[in-house]
Amino acid sequence: MEVTATATHFDAIVLGAGQAGPPLAVELANAGHKVALVERKDFGGTCVNTGCIPTKTLLANARVAHMARRAGDYGVSTGSIVVDMKKVKARKDEVAGSSRDSVEKMLRTTPNCTVYTGHARFVADHAIEIDGQRLEGERIFINVGGRATIPRIDGLESVPYLTNSSMMDIDFVPEHLVIVGGSYVAIEFAQMYRRFGSRVTILQRGPRLVTREDEDVSKAMLDLLVDEQIDVRLDVDNIAVRSAGSDIHVEVATRDGKSAITASHLLLATGRMPNTDDLGLENTSIQRDEHGYVVVDDSLKTSATGVWALGDCNGRGAFTHTSYNDYEIIAANLLRGESRRVSDRIVTYAVFTDPPLARVGMTEADIRKANRRALVGTRPMTRVGRAHERGETRGFLKVLVDAETKLILGACFLGIEADEAIHCVTDVMYAQKPYTTITHAVHIHPTVSELIPTVFENLKPLEGA
Ligand SMILES: Cc1cc2nc3c(=O)[nH]c(=O)nc-3n(C[C@H](O)[C@H](O)[C@H](O)COP(=O)(O)OP(=O)(O)OC[C@H]3O[C@@H](n4cnc5c(N)ncnc54)[C@H](O)[C@@H]3O)c2cc1C
C-alpha cells in the first residue's frame, strides 16, 4: 500500500453512516481498531432521514386520518377531520431527528472512532480524500447507499419535481400529487398523501403494480388503492411534462390513448441507484456492475483486497435489515472467525401500506421458474376472526411449501399485522424445519398468527409447478 507523509492512517475506514457503517465502526473500534467514519450529509442515511423511519411515521399519521374518517363505522363521532401538515411534519422530524442524533452521538462518543464529515472519494484502493485531507486504511468498508433514479421524461428539466428526499420537506397537503412509478415507495406515498387529503394519480409503466410480486398481490394492491380513490394508470408508455403556471401539465400515453392531467406536484419514484458514481472508484481496482453496484462475493469482499461493500450499494439487498445483516456478516467473519455468507439470507420485506404486505422466501413465480413441485395454501382475511373484530378484512394469507420435503418455500401475507405475523414463518424457514412445526404449534387467540397453522393445514398443489 502507498503511504504518503500527509496521510492519516487508520486500521479501518468506513464510508457512509447508513445502516451498516455505524455499527461496524463501533464494533471495530471497541475491538481496539483505529477507525475513521466519513459521512457527507445526514447520519443514519436513507432509512433514518428520507426512507423507512420518516415514511413509516408519516404513514402512521395518515392512518389516524383514515381511521378518523371511518370512526362512524365503529360508532365513534369525531367531527370534521383536519390534517395539520405542519404538525404532521414536525412529528416526523422529531422521530427521524432523534434517531439521526443518536447515531451521530454513538459514533462521536466511541473511543478509537474518528468521525469526518464531508464527501469521500477514493484516490487509490486504500486511500480516500475528503476536502483535501487524505486518509489511508488497512481495511475499507463502503456503505454509501443509494438515491432515487431520475427517469427520462420529456420536459422534466423545465418543471419542479420531488423525490423521496424532497418529500420530507413537505408541510402542506399537495392539491394533486402525480406519482411516476408503481412499486413500493410509490404506493406508500400514494396511500399516505391520499389519506392526508391530496388527489393522487399513479403513473405506472408496466401492466400492474408491484411487479416483483405475484399477480394476485398486484391485483389486491390495485383494488386497495382504487378503493381509496387513487387514480392508477397502468401501461403508461410515454409521459411528457411542462409548466402550466404554478401547476404541471402532464401528458400521458397509455394503450387506451392519450390523456392530460394537471398536477400541483410531481413525485418521481421509479427506483434507486447506488451512490458509486462520485466515489472515485475509477482510481481503484474495485469493480462495479453495469448498474453501478459494487461487485461483491458471498462474504461482501470487493475485487480489491481489504475492501468490502455493505448495504444498498452492493446490490445484494435494498432494505435496512439487509444492510444491517451485511454488517453482521462482516463483523462475525472478521472479528469472530465465523464464515457467514449473504446467500444464507432469506429474502424478506414488508410494504407498509395499510394493510401491509409482508413477504418471505419465494413467490409463486419464483417456484414455477425453478421448476419445483410445490403446494399452496391460502386464506382470505375475511376468514380471520381478528380482522373482523378490527373491522379491517382486506387481503389474504398465502403459504408455499415444497411438495416433497415439506419445507416452507415462501409466504405472502397481505392484511392487518402481516408485517409481524410473517416472522413465525420466517423463523421456521431459518430453522429448516417442515411446515408441520407450525401446524403443531398453539398460537394465541384472537390474533392473525392464530390462523397461520390453518393455512398450512389446507395445502393443495400449486398449478404450473
Ligand atoms: C422512501 C423509502 C422508504 C423505505 N422504507 C423502507 C422500509 O420500510 N424498510 C426497509 O427495510 N427499507 C426501507 N427503505 C430502504 C432503506 O432505506 C435502505 O435500504 C437503507 O437505508 C440502506 O442503507 P445503507 O446502509 O445501504 O445506506 P444509506 O442508508 O443510504 O446510507 C448511506 C450513507 O452514505 C453517505 N454517503 C454516500 N456517499 C458518500 C460519500 N462519497 N462520502 C461520504 N458519505 C457518503 C450518505 O450520505 C448516507 O448517509 C426505504 C427506502 C426509501 C427510499
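Presented here is a report on the structure given in the accompanying data block. (Residues numbered from 1 in each chain as written. Predicted model: local features only at pLDDT ≥ 70, side-chain atom pairs only at ≥ 80, totals over all residues. Heavy atoms only, no water.)

Moving on, we get to the overall build of the protein. Tallying secondary structure elements over the protein gives 13 helices and 22 strands in all. On the principal axes, the C-alpha backbone points of the protein span a range of 70 × 65 × 45 Å. Scored against the burial criterion, the 465 residues of the protein give a buried share of 52%. Across the protein, the fraction of contacts at a sequence separation of at least 24, relative to all contacts at a separation of at least 6, is 64%. Per element, the accessible surface of the protein, about 21200 Å² overall, is 49% carbon and sulfur. Put simply, the protein has 53 plus and 61 minus side-chain charges, and the middle of one group is 3 Å from the middle of the other. (Helix = DSSP H or I, 4+ residues; strand = E, 2+ residues; numbered from the N terminus. Buried < 20%, exposed > 50% of the residue type's maximum accessible area, 1.4 Å probe, protein only. Contact = heavy atoms within 4.5 Å. Areas by Shrake-Rupley, 256 points an atom, 1.4 Å probe, with all protein chains shown as cover. Lys, Arg positive; Asp, Glu negative; His and termini not counted. Charge placed at Lys NZ, Arg CZ, Asp CG, Glu CD.)

Inspection of the region around the ligand gives 38 residues, with Q19, E39, T46, K56 and D312 positioned closest. One nitrogen or oxygen atom from the side chain of K56 is found 2.8 Å from an oxygen atom belonging to the ligand. A120 has a polar backbone atom sitting 3.0 Å from a nitrogen atom of the ligand. For the ligand, whose unbound accessible area comes to 1000 Å², protein coverage reaches 94%. At the level of secondary structure, the elements contributing two or more residues to the shell around the ligand comprise strand 2 (35–39), helix 2 (45–49), helix 3 (52–69) and helix 7 (320–336). For the shell around the ligand, the residue count by class is 12 nonpolar, 20 polar and 6 charged. (Near = heavy atom within 4 Å. Polar contact = N/O pair within 3.5 Å; in protein donor to acceptor, adjacent residues only side chain to side chain. Nonpolar A, V, L, I, M, F, W, Y, C, P; charged D, E, K, R; others polar.)

This next bit is on the sheet that holds strand 11 (residues 238–244). Read across the sheet, 3 strands follow the order 11-12-13 without closing on themselves; strand pairing throughout is antiparallel. Each of the sheet's edge strands pairs with one partner strand only, and the pair in question is strand 11 and strand 13 (257–263). Within this sheet the neighbouring strands show an average axis-to-axis angle of 20°, counted without direction. Bridging between strand 12 (residues 247–254) and strand 13 involves 7 bridges; their strand directions are antiparallel. (Pairing = 2+ DSSP bridges. Axes fitted to C-alpha atoms, helices over the stretch in contact; angles between N-to-C directions.)

Let's shift gears to the sheet that holds strand 22 (residues 460–461). The strand order across the open sheet formed by 6 strands is 17-18-21-20-19-22, and the pairing between neighbours is antiparallel. Edge positions in the sheet fall to strand 17 (348–351) and strand 22, since each of these pairs with one other strand and no more. Note that strand 19 (residues 374–380) and strand 22 share 2 bridges and pair antiparallel. Across the sheet, residue L375 finds its bridge partner in strand 22, namely P461. Relative to the sheet, helix 6 (residues 215–227) contacts strand 18 (357–361), strand 20 (396–402) and strand 21 (408–414), its axis offset from that of strand 20 by approximately 170°.

Looking now at the nonpolar core. In terms of nonpolar packing, the biggest core is built from 48 residues, with L15, L107, I128 and I142 touching the most fellow members. By size, the runner-up hydrophobic cluster in this structure holds 38 residues, among which are F189, Y193, F196 and V200. (Core = buried A, V, L, I, M, F, W, Y, C linked by side-chain atoms within 4.5 Å.)

Orientation of helix 3 relative to helix 5 (residues 184–196), taken along the N-to-C sense of each, is 45°, at an axis distance of 8 Å. With respect to each other, helix 3 and helix 5 are oriented oblique. Crossing angle aside, the handedness with which helix 3 passes helix 5 is left-handed. Contacts between helix 3 and helix 5 involve T55, K56, L58, L59, N61, A62, R63, A65, H66 and R69 on the former and, on the latter, E188, F189, M192, R195 and F196. In terms of residue class, the contact of helix 3 with helix 5 is made up of 7 nonpolar, 3 polar and 5 charged. (Parallel < 35°, antiparallel > 145°, perpendicular 65-115°, else oblique. Left-handed = near helix turned anticlockwise from the far one by under 90°.)

Looking at where N164 falls in the secondary structure, it is placed in the loop between strand 7 (146–148) and strand 8 (176–180). In terms of polar contacts, N164 uses its side chain to reach the backbone carbonyl oxygen of T50, at 2.9 Å. A polar contact of 3.0 Å, which involves the side chain of N164, links it to the side chain of R272. Discounting chain neighbours no more than four positions away, the residues touching N164 are T46, T50, A148, F189, L267 and R272.

Turning next to the environment of R272. The topology assignment puts R272 in strand 15 (residues 272–274). Assessed through its relative accessible area of 31%, R272 is described here as partly exposed. Along the backbone, R272 and D312 are 40 residues apart, and their C-alpha atoms lie at a distance of 9.1 Å. Contacts of R272, omitting those with residues within four sequence positions, involve T46, G146, R147, A148, T149, N164 and Y293. A polar contact of 3.1 Å, which involves the side chain of R272, links it to the backbone oxygen of G146.

Within the secondary structure, I53 is located in helix 3. Residue classification places I53 among the partly exposed residues on the basis of a relative accessible area of 24%. Sequence spacing of I53 and K92 is 39 residues, and the spatial spacing of their C-alpha atoms is 8.2 Å. In contact with I53, other than residues within four places in its own chain, are C47, V48, V95, A96 and S99.

Read these as spatial facts, not as claims about activity.
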